Amino acid sequence: MIVFRLGRIRTPQGPGMVLLLPFIDSFQRVDLRTRAFNVPPCKLTSKDGAVLSVGADVQFRIWDPVLSVMTVKDLNTATRMTAQNAMTKALLKRPLREIQTEQLKISDQLLLEINDVTRAWGLEVDRVELAVEAVLQPPQDSPTGPSLDSTLQQLALHFLGGGLPSVAGGASPLGPDTLEMVSEAEPPAPHVGAGPSPKQPVAEGLLTALQPFLSEALVSQVGACYQFNVILPSGAQSVYFLDLTTGHGSIGHGVPDGIPDVVVEMAEADLRALLCRELRPLGAYMSGRLKVKGDLAVAMKLEAVLRALK
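This report concerns the structure included in the present document. (Residues numbered from 1 in each chain as written. Predicted model: local features only at pLDDT ≥ 70, side-chain atom pairs only at ≥ 80, totals over all residues. Heavy atoms only, no water.)

### A few points about unusual backbone geometry
Heads up, the condition is: Only protein chains enter the accessibility calculation, which uses a 1.4 Å probe. A residue is then buried if its area is under 20% of the maximum for its type, exposed if over 50%, and partly exposed in between. The way it works is that DSSP assigns letters per residue, a run of H or I at least four long becomes a helix, a run of E at least two long becomes a strand, and they are numbered from the N terminus.
Even without a glycine there, the phi angle at L6 is positive, about 55 degrees. When its relative accessible area of 71% is taken as the criterion, L6 is described as exposed. A positive phi angle, close to 65 degrees, is found at F23, a residue other than glycine. With respect to the helices and strands, the residue F23 is situated in the loop between strand 2 (8-9) and strand 3 (25-28). Exposure remark for F23: the relative accessible area of 89% places this residue in the exposed category.

### A few points about helix 4 (residues 103-118)
Under the convention used in this document: Here the expected length of a helix is defined as 1.5 Å per residue gap, with one fewer gap than residues. The contact criterion used throughout is that any non-hydrogen atoms of two residues lie within 4.5 Å.
For helix 4, which comprises 16 residues, the first-to-last C-alpha distance of 22 Å matches the rise-based estimate of 22 Å (1.5 Å per residue) to within 8%. All of the buried residues along helix 4 are I106, S107, L110, L111, I114, N115 and T118. Packed against the buried residues of helix 4 are helix 2 (75-92), helix 3 (96-101) and strand 6 (123-137).

### Some points on the nonpolar core
Convention followed: Grouping buried Ala, Val, Leu, Ile, Met, Phe, Trp, Tyr and Cys residues that are joined through side-chain atoms within 4.5 Å yields what is termed a nonpolar core.
Counting residues in each nonpolar core, the largest one holds 30 residues, and the members touching the most others are M87, L91, L110, V125 and L130. Among the secondary structure elements, those contributing two or more residues to this core are strand 4 (35-45), strand 5 (51-62), helix 2, helix 3, helix 4 and strand 6. At seven residues, helix 2 tops the list of elements feeding residues into this core. For M87, the contacting residues outside a window of four places in its chain are V39, C42, L44, V54, G55, A56, L110 and L130. If you look at the next biggest cluster of nonpolar residues, it comprises 19 residues, including L210, L242, L244 and I251.

### Overview of the pattern of salt bridges
This is how it is decided: Any Lys or Arg side-chain nitrogen found within 4 Å of a carboxyl oxygen on Asp or Glu counts as a salt bridge.
Counted under the stated rule, the structure contains eight salt bridges. We note a salt bridge from K105 to E102, for which the minimum N-O separation is 4.0 Å. Taking relative accessible area as the criterion, K105 reaches 54% and is therefore assigned exposed. Through salt bridges with shared partners, a single network forms among R61, E124 and D126.

And the structure:
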């Protein structure tokens, strides 16, 4: 019990019987037992653009009853707001994967940050438990590094879509940072002269167009072997390779000499649709019409091929 005599604070009294002077003393009870509250789930945006619903459970106790009465009017509300602000600031600096895998580490950091504020109020937080309720929106591509989705999208735009005018019939290429949001259910009408003729060998044309870009510098940057499986309308499969492991690199028809690091597979009709811009590369990848097998980190090294094509 905190007793005020004529407005002046006295030494904490109790527990037990306390003598008070009527009309002179006023008092305020302070509970020294451990208490808990929960930060209700709120929507937050992580560093990589993911939207998630996150809450927390907090346990605290009062270690100095005088400070808890003199410094803060509503101790519970102030502590709750401090915990919520600390949680928001901590999660905004982290990507979704780190939030999901390192909840204990983040909870310990929140405990220290909250205590830095609440110790001046005579309050100490004993435990913080972070709770990720749901992921409302998946993360977007990180601005600090290429992801597999962005690599495949740009690769198709340059490698298949517009970066090879000799194959695409001289059509103007799309910019490397251009992204058109088009429904795959209602594809746009093909541009006149934007794609190869029906009789033009699509894969062979790609081989011819890529040959001048091979160099020792590109081999030193990539250092990987890629295999491309093109499924023909008859059901047969044509295999091509891009070997950037030795010399100036090589490209041709058939299986590479060694085991490929990455295998890309798609139908010839889809390849032609990409060249004619009737199929968007990102939509083809997300729908499974463009398949990638192998080491994803090696697949992202195709960024070096994009830079050479530019």
